Amino acid sequence: MTDVTGAPADVLHTLFHSEQGGHEQVVLCQDRATGLRAVIALHSTALGPALGGTRFHPYPNEAAAVADALDLARGMSYKNAMAGLGHGGGKAVIIGDPERDKTEDLLLAYGRCVAALGGRYVTACDVGTYVADMDVVARECRWTTGRSPENGGAGDSSVLTAFGVYQGMRASARELWGDPTLRGRKVGIAGVGKVGHHLVEHLRDEGAEVVVTDVREDAVRRVLERYPEGVSAVADTDALIRVEGLDIYAPCALGGALSDTSVPVLTASVVCGAANNQLAHPGVEKDLAERGILYAPDYVVNAGGVIQVADELHGFDFERCRAKAAKIYDTTLAIFARANEDGIPPAAAADRIAEQRMHEAASPTAADHAR
C-alpha cells in the first residue's frame, strides 16, 4: 500500500501517528543533473535551529532512507537537549554509495537544498561524509559546520565524539564497579573508523585491553599496526559480542546493534558506544536491564561531536569544547541516578530528562500569555 506520493504508507504512519514520529518537517530533495536524492528531517526546533549531520549511504530503497532520517533526526533532538545545546534535532541522508556517487556538483546541489531552509537546519558530517565534503557544501550554504580550519571550521568532530564516549565508559565503570578507571578492563569496539580508532587510543592510554572488528580490513589493520600490544581483532560483530570476559561493548558503526538476537548472547556487562540509534526497537532497553547489562544511552555519550560543531557557529575553541564534552561523565552518572530513583532503564530516564527540557522550551510562559 502506498500514499499519494508513491511512498509506502507505513512511512507516513511513522511520521504522523507513531511515538517515533512527531517531526516538524520532512523535505525530499532531488537534483536530476547531479543524481542527488536526499531527505532532510527536522524533528524539533523547540530549543533552536535543528542541528545534525548528513549521512551518505546506499539505502536499499527510498522508504529506508526516509525511515533512517526520521529516526536519526529524533535522536538528535534528544542528544542536543541532553548536551545542553541551544539546538533542536535534525538529520539528512543522501541516497547513494559515497565511494561511487559522491561528486562536487552533487554536494553543491545538496548545499542549495539545505540553504533553502533558511537556517532551520544546520548540517555537519556523519557516516559517509567528511570535513572536505562540508567545505564544498558550505560554498552554497552558510549553515554548514564540520568544516576544515582553513575554511573557518573546527575540523574533525570525531575526536571529541570519541572523548565523550570514553567519559561515558568511565561513568559506567563508576556506576557498576565503583571506580571509573578502565585499566585492566576488556573493551570490544565494533567499528574502528572515524570515531572508533580515537576511542582505542583513549582506552590503551589508560591500560584497557581492546578487541576490535570492522567491515573494512584496512581500518582494522591500521589499529593493529599502531597498537601491536593490547589490541586484538575478531572476524565480525557476531564474534565480538561473544568474546569471553568482555567488560564493555562499544557499538561504533551503524545503528540497531542491540537487538533481539544480539542482547541474549552479549557477554559484556556494559554497553557504551558511539553509534546512533543502537536500540533496534523500543523495549530492547528492558531486555538489557533484565540481563543486568548497564546501557549508557547512545545519544548522551556520543554528544562530543555535536558539542564541537555547535561551538563552531560561535567561534570555535577546542579547549572550551573539550571541557563541555568532559561533562558527559557527570551527565551519564545523573541519568543512572534518575534511572535508579524512578525504577526504569537508563534509556528511559534519559528520554524523560530530554523530553522535559524540550517541553519546557516549547511551552509558552506566563509572560507570553500576558502579551
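Residues numbered from 1 in each chain as written. Predicted model: local features only at pLDDT ≥ 70, side-chain atom pairs only at ≥ 80, totals over all residues. Heavy atoms only, no water.

Trainee: Can you walk me through the overall build of the chain in this structure?
Mentor: Helices and strands together make up the secondary structure of the chain, namely 16 helices and 12 strands. Taking 2.2 N^0.38 as the reference for a compact globule, 371 residues should give roughly 21 Å; the C-alpha atoms of the chain span a radius of gyration of 20 Å, in line with that estimate. Taking the principal axes of its C-alpha atoms as reference, the chain extends roughly 50 × 50 × 50 Å. Expressed as a percentage of its 371 residues, the buried residues of the chain come to 52%. Charged side chains of the chain number 35 positive and 50 negative; the gap between the two group centres comes to 3 Å. (Helix = DSSP H or I, 4+ residues; strand = E, 2+ residues; numbered from the N terminus. Rg over C-alpha atoms; globule rule 2.2 N^0.38 Å. Buried < 20%, exposed > 50% of the residue type's maximum accessible area, 1.4 Å probe, protein only. Lys, Arg positive; Asp, Glu negative; His and termini not counted. Charge placed at Lys NZ, Arg CZ, Asp CG, Glu CD.)

Trainee: It is not clear to me how unusual backbone geometry should be interpreted in this structure. Could you clarify?
Mentor: Negative phi characterises most residues that are not glycine, and trans characterises most peptide bonds. In this model, Asn 277 sits at a positive phi of 50°, which is unusual for a non-glycine residue. The topology assignment puts Asn 277 in the loop between β11 (270-271) and α10 (284-290). By relative accessible area, Asn 277 is classed as partly exposed at 25%.

Trainee: What's the story with helix α4 (residues 104-115) in this structure? I'm lost.
Mentor: Turn by turn, an α-helix covers 3.6 residues, leaving residues three or four places apart pointing in a common direction. Over its 12 residues, α4 runs 16 Å from end to end, which matches the ideal 16 Å to within 8%, given 1.5 Å per residue. Of the positions making up α4, those classed as buried are Leu 106, Leu 107, Leu 108, Ala 109, Tyr 110, Gly 111, Cys 113 and Val 114. (Expected span 1.5 Å × (residues − 1).)

Trainee: What's the story with the packing of aromatic side chains in this structure? I'm lost.
Mentor: The geometry of an aromatic ring pair is captured by two quantities: the separation of the ring centres and the angle between the planes. Here the structure, examined in full by the defined rule, presents 2 aromatic pairs. Ring plane angle 65° and centroid distance 5.7 Å describe the contact between Tyr 78 and Tyr 299, whose orientation is recorded as edge-to-face. Here the residue Tyr 78 occupies a position in helix α2 (residues 62-82), and Tyr 299 occupies one in helix α11 (residues 298-301), the gap between them amounting to 221 residues. In this pair, the class of Tyr 78 matches that of Tyr 299, namely buried. Geometrically, the ring pair formed by Phe 316 and Phe 318 is edge-to-face, given 6.4 Å between the ring centres and 70° between the ring planes. In this structure Phe 316 comes out as partly exposed when scored by relative accessible area, which is 28%. Take Phe 318: its relative accessible area is 32%, and that puts it in the partly exposed class. Cation over ring: Arg 170 sits above Tyr 329, and NZ or CZ is 4.8 Å from the ring centre. Lying across the ring of Phe 163, Arg 322 places its NZ or CZ 4.1 Å from the centre. (Phe/Tyr/Trp six-rings, centres within 6.5 Å; stacked < 30°, edge-to-face > 60°. Lys NZ or Arg CZ within 6 Å of the ring centre and 35° of its normal.)

Trainee: Just to check I follow, could you spell out the state of the cysteines for this structure?
Mentor: Among covalent bonds in proteins, the disulfide is the one between the sulfur atoms of two cysteines. Counted by the stated rule, this structure contains 0 disulfides. Just so you know, Cys 125 is unpaired, no disulfide at all, and the nearest cysteine sulfur is the one on Cys 141, 13 Å from it. Judged by its relative accessible area of 18%, Cys 125 falls in the buried class. Cys 272 supplies the cysteine sulfur nearest to Cys 252, a cysteine that is in no disulfide, at a spacing of 8.5 Å. When its relative accessible area of 14% is taken as the criterion, Cys 252 is described as buried. (Disulfide = S-S within 2.5 Å.)

Trainee: Can you walk me through the pattern of salt bridges in this structure?
Mentor: Two side chains bearing opposite charge may form a pair once their charged atoms approach each other closely. Scanning the model with the defined rule gives 18 salt bridges in all. The salt bridge partner of Asp 311 is Lys 324, with a shortest N-O separation of 3.9 Å. Residue Asp 311 is located in helix α12 (residues 304-312), and its partner Lys 324 is located in helix α13 (residues 318-326); the two are separated by 13 residues in the primary sequence. Under the relative-accessibility criterion, Asp 311 is labelled buried at 4%. Judged by its relative accessible area of 38%, Lys 324 falls in the partly exposed class. Its salt-bridge partner being Asp 342, residue Arg 352 comes within 3.1 Å of it at the nearest N-O pair. Of the two residues, Arg 352 sits in helix α15 (residues 346-362) while Asp 342 sits in helix α14 (residues 328-342), which places them 10 residues apart along the sequence. (Salt bridge = Lys/Arg side-chain N within 4 Å of Asp/Glu carboxyl O.)

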